[in-house]
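Below, each chain spelled out in residue letters.
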Amino acid sequence: MKLASQRAGRDGALLVVSRDLATAASAAAIAPTLQSALDDWERTSPRLQALYEDLNAGRAAGAFALDLATLAAPLPRAYQYLDGAAYPSHIQRNRQARGESVPDDFFQKPLMYQGISHGFMGWNEDVRLPSEDDGIDFEAEIAAITGDVPLGVDAKGACEHIRLFVLLNDVSLRAIIPGELKRTFGFLVGKPASSLGPIAVTPDELGELWGDGLVSGTMKCWVRGEPLGSIETGTDVAFHYGDLIAHVAQTRAFEAGTLVGLGTVSNEDESVGVGCLGEARALETIRQGAARTPFLQFGDTVRIEHFDRSGNSVFGAIEQRVSPLA
């Protein structure tokens, strides 16, 4: 099924959305918010599924035409946001451009950090930041939303606790991040609030796109109206979602409503483009000795959208403009 959150209060109002994204129905009688549905998934998911089937069949009471512009992030406030770096080509290119190598244990242990989990922007909200000099960048990702995950779960079992997938723009400030990393305490100021695509999709709704712990399909990215990448998301990956969840679950359980990302999508084949400006600049540095593509400036736009094998949008698009603080 497909779910969304209409803008209302801090946590939105839960909607069930039709397969073609044309219509929606309120799920208030089942769960007022997506978080409340996740908290009681065994009870709520069958009822949400029944409403989804009615909606697609044209028999859902109170169905209405969906206006994507009214949607907030599906999960505006998450209990936890964990992001990885599971696409080796992304890390290798960025490290090579800086004259560095990947960690010796890169293929044995996932690289991960914990980002801020509150205040996820909606798909069309302006990314408001204080300065263009901070090296504003986007990162195209797909994130899993989990149910409760027990301490000590293994990678195979971890995938069974994934409830939904969403499109993610992991906003990064490239001029700040290097200095933070050199202090060996990790990202903080260099990772402001991120944004989520409008539609959350259950693994079974993905059909053949979901398998072996990965979501396949084509991630397309545009910056300033120009295409930047057309990347296969289900290949060239060192770790899958279950691996990352199990890695963190070695020492902590997860609350329902935890987001887990695999990191910026990237393919070994350079001809397909990239999923962030940082990687584009890294490739320019490697090939030509210097980066030429500018980071995002105020007024610039970014569009991210993931497509299935038939060219259908899976999660809706993220389309945002970068703006100064009001």
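Above this note sits the structure.
Residues numbered from 1 in each chain as written. Predicted model: local features only at pLDDT ≥ 70, side-chain atom pairs only at ≥ 80, totals over all residues. Heavy atoms only, no water.

J.: Kindly report on the overall build of the protein chain, identifying the contributing residues and their values.
T.: The number of helices and strands found in the protein chain is seven helices and 20 strands. Its C-alpha radius of gyration of 19 Å places the protein chain within 12% of the 20 Å reference for a compact globule of 326 residues. The dimensions of the protein chain, computed from C-alpha atoms along their principal axes, are 60 × 45 × 35 Å. The buried share of the protein chain, taken over its 326 residues, is 55%. Of the contacts formed within the protein chain by residues at least 6 apart in sequence, a portion of 74% connects residues at least 24 apart. Carbon and sulfur atoms make up 49% of the accessible area of the protein chain, which amounts to about 13800 Å² in all. Of the charged side chains in the protein chain, 28 are positive and 43 negative; the average position of the first set lies 3 Å away from that of the second. (Helix = DSSP H or I, 4+ residues; strand = E, 2+ residues; numbered from the N terminus. Rg over C-alpha atoms; globule rule 2.2 N^0.38 Å. Buried < 20%, exposed > 50% of the residue type's maximum accessible area, 1.4 Å probe, protein only. Contact = heavy atoms within 4.5 Å. Areas by Shrake-Rupley, 256 points an atom, 1.4 Å probe, with all protein chains shown as cover. Lys, Arg positive; Asp, Glu negative; His and termini not counted. Charge placed at Lys NZ, Arg CZ, Asp CG, Glu CD.)

J.: Tell me about the layout of surface pockets, and please be specific about residues and values.
T.: To locate leftover empty space, one rolls a probe as large as a water molecule over the atoms. Roughly 940 Å³ of internal volume is contained in the largest pocket. Around the largest pocket, the lining comprises 32 residues; the ones closest to its centre are R98, R174, I177, L181 and F187. Breaking the lining of the largest pocket down by element, the ones donating at least two residues are strand 5 (80-84), helix 3 (88-97), strand 6 (112-115), helix 5 (177-182) and helix 7 (277-288). The element contributing the most residues to the lining of the largest pocket is helix 3, with five residues. Taken together, the residues of the lining of the largest pocket break down into 14 nonpolar, eight polar and 10 charged. Here the second largest pocket defines a volume of roughly 210 Å³. Surrounding the second largest pocket, 13 residues form its lining, K2, E205, L209, D308 and V314 being those nearest its centre. Of the residues assigned to the lining of the second largest pocket, the class counts are four nonpolar, two polar and seven charged. (1 Å grid on protein atoms, 1.4 Å probe; cavity = no way out; pocket = protein on both sides within 12 Å on 5 of 7 lines; lining within 4 Å. Points joined across faces, edges and corners; volume = space filled by probe spheres on them. Nonpolar A, V, L, I, M, F, W, Y, C, P; charged D, E, K, R; others polar.)

J.: Account for helix 2 (residues 41-56), naming residues and giving values.
T.: Relative to the 22 Å expected for 16 residues at 1.5 Å per residue, helix 2 spans 21 Å between its end C-alpha atoms, a close match to the ideal helical length. All of the buried residues along helix 2 are W41, T44, S45, L48, L51, Y52 and L55. Projected onto a plane normal to the axis of helix 2, the buried residues spread over an arc of 130° and lie on a single side. Of the residues one or two after helix 2, G58 is the one with positive phi, at around 80°. (Expected span 1.5 Å × (residues − 1). Arc of directions from axis to C-beta.)

J.: Explain the sheet that holds strand 20 (residues 313-324) to me, using residue names and the numbers behind them.
T.: What the five strands build is an open sheet, ordered 7-20-19-16-17; its pairing is mixed. Each end of this open sheet is capped by a strand with a single partner; those strands are strand 7 (127-129) and strand 17 (226-232). Each adjacent strand pair in this sheet contributes to an overall mean axis angle of 15°, direction not counted. Strand direction decides the pairing type here: strand 16 (residues 218-223) and strand 17, joined by six bridges, are antiparallel. Its bridge partner being in strand 17, V223 is matched across the sheet by E226. (Pairing = 2+ DSSP bridges. Axes fitted to C-alpha atoms, helices over the stretch in contact; angles between N-to-C directions.)

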